[in-house]
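Close look at the chain arrangement
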Amino acid sequence: MDAPLLSGERLAELALAGLTYPEVGATLRKGALPGGYRHLRRRAVVGQGADDLERATEALLGWAVQRGAGVRVLPSSPLVLPAVVADLRVGPGPLSLRAPVRVVDVVEGPRRRGFAYGTLPGHPENGEESFVVSIGDDGAVTFTVRAFWRPAGALARLSGPVGRRAQRGITGRYLRSLESLVRRAT
């Protein structure tokens, strides 16, 4: 069964919303992330060879990494494409946090593929996160998650160390999710 897609008034609302930070695309550029934010960079080897790069790319660009990490994803498209919006939900049922995002860029090179999304109004944080798979000269397929963020409201500011721990936790789940998805596909 296909996953449901974002539609109706919520799609219209998110499609018109502006990003909540000015440094759009910074997680995909080389160099330091912007100042004034918390930063995160994690990577893991998730496979070996061109076939694993293809499997990782398919999972990544079909939202499977987020879903495999326990994030509920309601996107405007089943595939990650520029300007696609999504309502991400983290946490249990009615207590879950809504985290709307927009895809700000997609990377489609022969050795490097992935995307970045940025936060929209209503997200508990302001910032951007990128998800990129790449293949090295040795054939190792690496998954890198980079992010910069700061609290968007009082609740996020009050979460302090708990919020930072949650960010690190979900990032670890993303890395394990893609590794598992690539392994299962072989």
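Let me begin by describing the structure that accompanies this report. Within every chain, residues take consecutive numbers counted from 1 along the sequence as written. Residue-level local features of this predicted model are given only where pLDDT is at least 70; pairs of side-chain atoms are given and counted only at 80 or more, and the full residue set underlies all totals for whole chains, interfaces and linings. Hydrogens and water are ignored here; the side-chain numbers use all heavy atoms of the structure.

1. With respect to the overall build of the protein chain
Threshold: The helix count covers DSSP runs of H or I at least four residues long, the strand count covers runs of E at least two residues long, and both are numbered beginning at the N terminus. Only the C-alpha atoms count toward the radius of gyration. The rule for a globule is 2.2 Å times the residue count to the power 0.38. Partly exposed describes any residue whose relative accessible area lies between the buried limit of under 20% and the exposed limit of over 50%, with all areas from a 1.4 Å probe on protein chains only and scaled to the type maximum. Contacts between residues were defined by any pair of non-hydrogen atoms, one from each residue, lying within 4.5 Å. Here Asp and Glu are counted as negative and Lys and Arg as positive; His is not counted, and neither are the chain ends. Note on charges: their place is set at NZ of Lys, CZ of Arg, CG of Asp or CD of Glu.
Within the protein chain, the secondary structure is distributed over four helices and seven strands. For the protein chain, the α and β elements follow one another from N to C terminus as α-β-α-α-β-β-β-β-β-β-α. Computed over its C-alpha atoms, the radius of gyration of the protein chain comes to 16 Å, within 12% of the 16 Å expected for a compact globule of 186 residues. The principal-axis extent of the C-alpha atoms belonging to the protein chain is close to 45 × 40 × 30 Å. Counting over 186 residues, the protein chain shows a buried share of 47%. In the protein chain, 60% of the contacts between residues at least 6 apart in sequence involve partners at least 24 apart. Within the protein chain, the 17 negative side-chain charges are centred at a point lying 9 Å from the centre of the 26 positive side-chain charges.

2. Here we look at the packing of aromatic side chains
The description of an aromatic ring pair uses the distance of the two centres, along with the angle that the planes make with each other. What counts is decided by this rule: To pair, rings of Phe, Tyr and Trp, with the six-membered ring standing in for Trp, must have centres within 6.5 Å; the planes then decide the type, stacked if under 30 degrees apart, edge-to-face if over 60, and tilted in the middle. Lysine NZ or arginine CZ positioned within 6 Å of the ring centre and within 35 degrees of the ring normal marks a charge as sitting over the ring.
This structure, assessed with the given rule, holds seven aromatic pairs. Summarising the aromatic geometry, the rings of Tyr21 and Phe148 are spaced 5.7 Å apart at their centres and angled 75 degrees between planes, so their arrangement reads as edge-to-face. Of this pair, Tyr21 sits in the loop between helix 1 (8–16) and strand 1 (38–48) while Phe148 sits in strand 7 (residues 140–151); the two residues are 127 residues apart in sequence, bridging distant segments of the chain. Following the ring pairs from residue to residue traces out a cluster consisting of Trp63, Phe115, Tyr117, Phe131 and Tyr174. Positioned over the ring face of Tyr37 is Arg150, at 4.0 Å from the centre of the ring.

3. With respect to the environment of Thr27
If you trace the backbone, Thr27 turns up in the loop between helix 1 and strand 1. C-alpha separation for the pair Thr27 and Tyr174, spaced 147 residues apart in sequence, amounts to 16 Å. If near-sequence neighbours (up to four positions away) are discounted, Thr27 is found in contact with Leu33, Ala116, Glu128, Glu129, Ser130, Arg146, Ala147 and Phe148.

4. Examining the nonpolar core
Here is a general trend for soluble globular proteins: nonpolar side chains tend to be buried in one another's company. Quick note on the threshold: To qualify as a nonpolar core, a set must consist of buried Ala, Val, Leu, Ile, Met, Phe, Trp, Tyr and Cys residues joined through side-chain atoms within 4.5 Å.
Core analysis: the biggest nonpolar cluster contains 35 residues, and Trp63, Phe115, Phe143, Tyr174 and Leu178 have the highest contact counts within it. Those residues in contact with Phe143 that sit more than four places away from it in its chain are Arg42, Arg43, Ala44, Val46, Leu60, Val65, Phe131, Val132, Val133, Tyr174, Leu175 and Leu178.

5. A closer look at the pattern of salt bridges
Threshold: Note on definitions: salt bridges are taken to be side-chain nitrogens of Lys or Arg within 4 Å of carboxyl oxygens of Asp or Glu.
Enumeration over the complete set of coordinates arrives at seven salt bridges. Glu13 is the partner of Arg10 in a salt bridge, and the nearest nitrogen-oxygen pair spans 3.0 Å. Remark: Glu13 and Arg10 occur in helix 1; sequence separation between them is three residues, near one turn of the helix. Between Arg113 and Glu54 there is a salt bridge whose closest N-O contact spans 2.6 Å. Of this pair, Arg113 sits in strand 5 (residues 112–119) while Glu54 sits in helix 2 (residues 50–60), placing them 59 residues apart in sequence. Look at Arg113 and you get buried, because its relative accessible area is 15%. Through salt bridges that share partners, Arg10, Glu13, Asp87 and Arg98 make up one connected network.

6. Concerning the pairing of strand 7
Stated precisely, the cut-off is as follows: In this scheme, strands are said to pair when DSSP sees at least two bridges between them.
Burial runs high along strand 7: 10 of the 12 residues are buried. The pairing of strand 1 with strand 7 spans 10 bridges and is classified as antiparallel. Counted as the bridge partner of Gly47 is Val141 from strand 7. The pairing of strand 6 (residues 125–135) with strand 7 spans 11 bridges and is antiparallel. Opposite Asn126, over in strand 7, you have Arg150 as the bridge partner.

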